[in-house]
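Residues per chain are reported as follows:
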Amino acid sequence: MITAGVVAAAAVPLIVAGVGNTDRVPTVVQLARGTSGAEVTETPAPSPTITPPAGPTSNGLTPGAARLLLGRFDAPAAGVVGQDGVPEGVPLVAGSANQQGARSLHLTREGLAPFRAAGVTWTGPADGVSVAVRSRTGADTWGSWRTAAPSGGYDGTGPGVRQGAQLVWLGTGDAIEVVVTYAGPTAPGDVAVDLIDPREAPGDAVEVPSVTTVAVDASRVGRPPIHARSEWGADERLMVWSPQYAVNLRALAWHDQSVGGEYTETDVPRILRALFYYQAVTRGWGDLGDNVLVDRFGRLWEGRYGGLSRAVIGAHTPGRNSGTAGIGVLGGPAPVQASPQAPTPVVEAAARYVAWKLSIGPAVDPRGYATLPGTAETESAKVSPPKATGSASANRALPVAAAPSATSAAPKASKPATSKTTEAKPSAQTSGTVPRVFAADKALAEVVLPTVRDRAYELMGAWAHPQTMRRTLAMWNPARATFTELGDATVSWAGQVGDLPVPADYDGDGQLDIATWSPVTGVWTIQNSAAGTTESFVLGQAGDTPVPADYDGDGRAEPATFTPKTATWHVRGAADVVFGKPGDRPVPADYSGDGRADLAVYRAKLGLWEIRGMSKVYLGSPWHIPVPADYNGDGKAEPTTFSPKSGLWYLRGKAPVRFGNPGDVPVPGQYDGDGKADFAVWRPPARGAATGNWIVQRVGSYQIGTVGDVPTTLG
């Protein structure tokens, strides 16, 4: 059956090493991930050790981990020294003061299995906690101290969720010295340090080009290269979090993941595996907190699962996770906040990600402010006037006419209106009002972010303005099996006569990819816009209807077909499902707002909508055309029909709206930058005319297409 695509939970072995004398027998704790609590069994183990190698699997590479218990400040664990103040020579995190009443826990352990990263966690408050860690290998001298401040993240509470400091990347070591200090009214409890070995994988040594060396798509804000979770070896069996989605993305949080150390390019996949384990397992979040991570070389890496182009709710900034995306910055040799600005590759990579993410949804200025969900809608900003950038994306700002009446002759497209930002910064910011790119960490130098915002605005060009068309108007000519785009007479695609157009976002970059399906052979041919590659495969048979959509919530449309004779759905990579009745028309869409397309059918003779897992809806007549879309911007598709006899649109619970003439073809979609689907029709050429008209409500009219063409959108 078709499922949400979340990998089944797996038991995660965790070695808890003894903290008394070195000959003390440690305890092996088996944590059953994904349950309401932890199923714990204890058995003796011969010595402190990293978990047995799991080896690379199709799910990635499982890190090993050893947990050393430090206990409480008023009751240190065996072998741990508790004292007033801070041990001599041990640094505190930047901004901390050695206040009176401070206490420390100090642990030194040698003869451990090799590890590369350390993460300290505890229960209770996080304020006033400072962590210092250093390591060594064999008889080598101790490395320099690395400090780690408390690192926020996650929303809510649950079994196994722990407070913690930033993960510290140490390089290979088999001995650890850790000092945890606090100075506050309430002491943290159950302090522990996890030593993580991310292991090595063949892919770690593959050289990956920096994002700054890759050209951006000239036609719009292209997705910068973002390396997938599979590329850094994520073991998806460790992920026990089900993706959740906001209606749209409003802002991005710059989050300091200052792992420290002069790490190399090949260290980055290992750091990500260690960070994944630390946040998903050790801290109990179920997955990485940040949506994307950027290393000090300017490379972007996929973080939290759920689809790069989607508004995935992260765990990076408690209270501000919904409607935002977290950019986790893997700090370089010096913490980012200690420098006047981040390294140029980091700024460039982050700015390109910001520009791309903000270009997908409603038009916004990255230099402005946003009110996050749950607060008043005051999307206001104080910004400088738009700059003349000469960006290539400006050629996508199609002519905007006054809102036409679709029942009359289509007006000529007018010259684009001049855009000028009129928003003003709120006189008193509420807790829910943040800059479009804001700092998730108190210590982050604010001087970094204006550079990111300005660069993102430069990259967005016309896409920061509402009048910019979000889609490319195109026509499919069945007789020639070609796509042609508005304003470009060049054929952009040549398929096989008889093919059907099936554009969708198959690669998750936020653009509709050119694609066709053959009702004769069942061959799909897809041109991926993100990588510029073309793929072909067989799915479906004669008599099927193509129904591509994002059925599993991963941000990518799955090729799929529906067999009307048997009401069977065939989704690539999933088992067949029977839903509906013979003769039904498939109308898959995200009706529930959970980020996944729902199986749904329209029974024309009854005007009945049947949506899997939801109540039935009666709307429409036998001659109506179903046109579900998100017309109100709430993140859910509304059952809607269009009457080709009258030009009326029927939305559930609302009076019919007239937009169109008899014989028009409905083509609703998100054409402008307001985040809502617009009424739109394509009107075939009138008698004696050579070109038809594409008319979008409140946007404009465009001459495109001829008799026999099929209207579609791309880009």
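Structure: see above.
Residues numbered from 1 in each chain as written. Predicted model: local features only at pLDDT ≥ 70, side-chain atom pairs only at ≥ 80, totals over all residues. Heavy atoms only, no water.

**Q** So what about the overall build of the protein chain? Which residues, and what values?
**A** Summing up its helical and strand segments, the protein chain has four helices and 46 strands in all. Of the contacts made within the protein chain by residues no fewer than 6 positions apart, 63% connect residues no fewer than 24 positions apart. Total accessible area on the protein chain is roughly 28,700 Å²; 53% of this is exposed by carbon and sulfur atoms. (Helix = DSSP H or I, 4+ residues; strand = E, 2+ residues; numbered from the N terminus. Contact = heavy atoms within 4.5 Å. Areas by Shrake-Rupley, 256 points an atom, 1.4 Å probe, with all protein chains shown as cover.)

**Q** Break down the side chain of Arg116 for me, citing the residues and quoting the values.
**A** Mapped onto the fold, Arg116 is located in strand E8 (residues 115-123). A distance of 2.8 Å separates a polar atom in the side chain of Arg116 from a polar atom in the side chain of Glu200. Among residues more than four places away in sequence, those in contact with Arg116 are Val168, Trp169, Leu170, Gly171, Thr172, Ile196, Asp197, Pro198, Glu200, Asp267 and Arg270. (Polar contact = N/O pair within 3.5 Å; in protein donor to acceptor, adjacent residues only side chain to side chain.)

**Q** Which residues make up the pairing of strand E27 (residues 514-517), and what values do they have?
**A** Side chains of E27 alternate between two faces, with Ile514 and Thr516 and Ala515 and Trp517 buried alike. Here E27 pairs with strand E28 (residues 523-527) via four bridges, running antiparallel. Bridging across to E28, Ile514 finds its partner in Gln527. Between E27 and E28, which pair antiparallel and follow one another directly, the connecting turn spans five residues, one of which, Gly522, has a positive phi of 75°. (Buried < 20%, exposed > 50% of the residue type's maximum accessible area, 1.4 Å probe, protein only. Pairing = 2+ DSSP bridges.)

**Q** Pulling in residues and values, what's your account of the nonpolar core?
**A** If you look at soluble globular proteins, the nonpolar side chains tend to sit buried side by side. Membership of the largest hydrophobic core comes to 33 residues, with the highest contact counts inside it found for Leu252, Trp254, Ile327, Tyr353, Val354 and Val452. Looking at this core, the elements that each hand over two or more residues are strand E16 (251-257), strand E17 (292-294), strand E19 (324-330), helix H3 (344-360) and helix H4 (448-460). By residue number, the principal contributor to this core is H3, which donates 10 residues. Beyond its immediate sequence surroundings of up to four residues, Ile327 is in contact with Leu252, Ala253, Trp254, His255, Asp290, Val292, Val294, Ala350, Tyr353 and Val354. Membership of the second largest hydrophobic core comes to 27 residues, among which are Leu70, Val129, Leu170 and Tyr182. (Core = buried A, V, L, I, M, F, W, Y, C linked by side-chain atoms within 4.5 Å.)

**Q** Residue-level account of the packing of H3 against H4, with values.
**A** The N-to-C vectors of H3 and H4 enclose an angle of 55°; their axes lie 8 Å apart at closest approach. Viewed along their axes, H3 and H4 adopt a mutual orientation that is oblique. Crossing hand, H3 versus H4: right-handed. Between H3 and H4, the contacting residues are Val347, Glu348, Ala350, Ala351, Arg352, Val354, Ala355, Leu358 and Ser359 on the first element and Thr451, Val452, Arg455, Ala456, Leu459 and Met460 on the second. Its residues placed into classes, the contact of H3 with H4 shows 10 nonpolar, two polar and three charged. (Axes fitted to C-alpha atoms, helices over the stretch in contact; angles between N-to-C directions. Parallel < 35°, antiparallel > 145°, perpendicular 65-115°, else oblique. Left-handed = near helix turned anticlockwise from the far one by under 90°. Nonpolar A, V, L, I, M, F, W, Y, C, P; charged D, E, K, R; others polar.)

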